[in-house]
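Chain and residue survey
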Amino acid sequence: MVMAVRVTAVQLAPMLRDAITRLNRRVRQARPVGDLTVTQLSALTSLELAGALTPRELADVERVQPPTMTKIVAKLEDRGLVLRSPHPTDGRQVILSATESGRAVLARHERARDEWLAARLAELTPEERDSLRRAAEILQKVARA
C-alpha cells in the first residue's frame, strides 16, 4: 500500500513551478529547427490569439520595448507572416495580424510540440497518463484564477 505524502501549498509551489518550467522549456525545444526564434514565435502567437494588435499593444503583451518589437515585426513581415493594415480610427497607427502563412507556421510548430509530447506521454503507464489528465484540469483551473 502506497501512502500519499501530503505537502503544503508553500512546499508544492516551487516543485510545481520547476516541473512546469522544465517541461515548457523542453516542449519549446521541440519546435522545427532553423525556423522562427522563440521571440518571433511568441509575437506571432500573440497576434493570432488576439486577432490583431497595434505594435504598441503587441510590445505590451510580449513585455518588450517598442523598438525591440519593431525589429521582431519587421522580420516577421519580411517572411510574409505578419500583415500591416491601416488602423480604422487612427491614421497614425497600424494594425498587425497574422497572415495565412503565419497561421500555417504556428500550426506546424504546434504539431511538432504535440508530437514530441505525445511520444513522451506514450512512454508512461495508463495510470500516469490519467494522473496527468487530472493534473492538467487542475492546472487550467489555477491558470484561470
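Please read these numbers as outputs of a predicted model, since none were measured by experiment.

**As for the overall build of the chain**
Across its full length, the chain holds 6 helices and 2 strands. Seen in sequence order, the chain has helices and strands lined up from the N terminus as α-α-α-α-β-β-α-α. Taken against the 2.2 N^0.38 rule, which gives 15 Å for 145 residues, the C-alpha radius of gyration of the chain at 19 Å runs more than 25% over that of a compact globule. Principal axes of the C-alpha set define a box for the chain whose edges measure 70 × 30 × 20 Å. Counting across all 145 residues of the chain, residues that qualify as buried make up 23%. Sequence separation of 24 or more characterises 53% of the internal contacts of the chain that already satisfy a separation of 6 or more. Between the averaged position of the 24 positive side-chain charges in the chain and that of its 18 negative side-chain charges there is a distance of 5 Å.

**Some thoughts on the pattern of salt bridges**
Here the structure, examined in full by the defined rule, presents 10 salt bridges. Residue D90 is joined to R92 by a salt bridge in which the shortest nitrogen-to-oxygen separation is 3.0 Å. The class of D90 is buried, set by a relative accessible area of 17%. Residue D130 is joined to R133 by a salt bridge in which the shortest nitrogen-to-oxygen separation is 3.0 Å. Linking D130 with R133, this pair stays in helix α6 (residues 126-144), spanning 3 residues, or about one helical turn. The exposure class of D130 is partly exposed, given its relative accessible area of 31%. Look at R133 and you get partly exposed, because its relative accessible area is 41%.

**A closer look at unusual backbone geometry**
Although it is not a glycine, R63 sits at a positive phi angle of roughly 60°. Within the element layout of this structure, R63 appears in the loop between α3 (55-62) and α4 (66-78).

The rules we used
- Residues numbered from 1 in each chain as written.
- Predicted model: local features only at pLDDT ≥ 70, side-chain atom pairs only at ≥ 80, totals over all residues.
- Heavy atoms only, no water.
- Helix = DSSP H or I, 4+ residues; strand = E, 2+ residues; numbered from the N terminus.
- Rg over C-alpha atoms; globule rule 2.2 N^0.38 Å.
- Buried < 20%, exposed > 50% of the residue type's maximum accessible area, 1.4 Å probe, protein only.
- Contact = heavy atoms within 4.5 Å.
- Lys, Arg positive; Asp, Glu negative; His and termini not counted.
- Charge placed at Lys NZ, Arg CZ, Asp CG, Glu CD.
- Salt bridge = Lys/Arg side-chain N within 4 Å of Asp/Glu carboxyl O.

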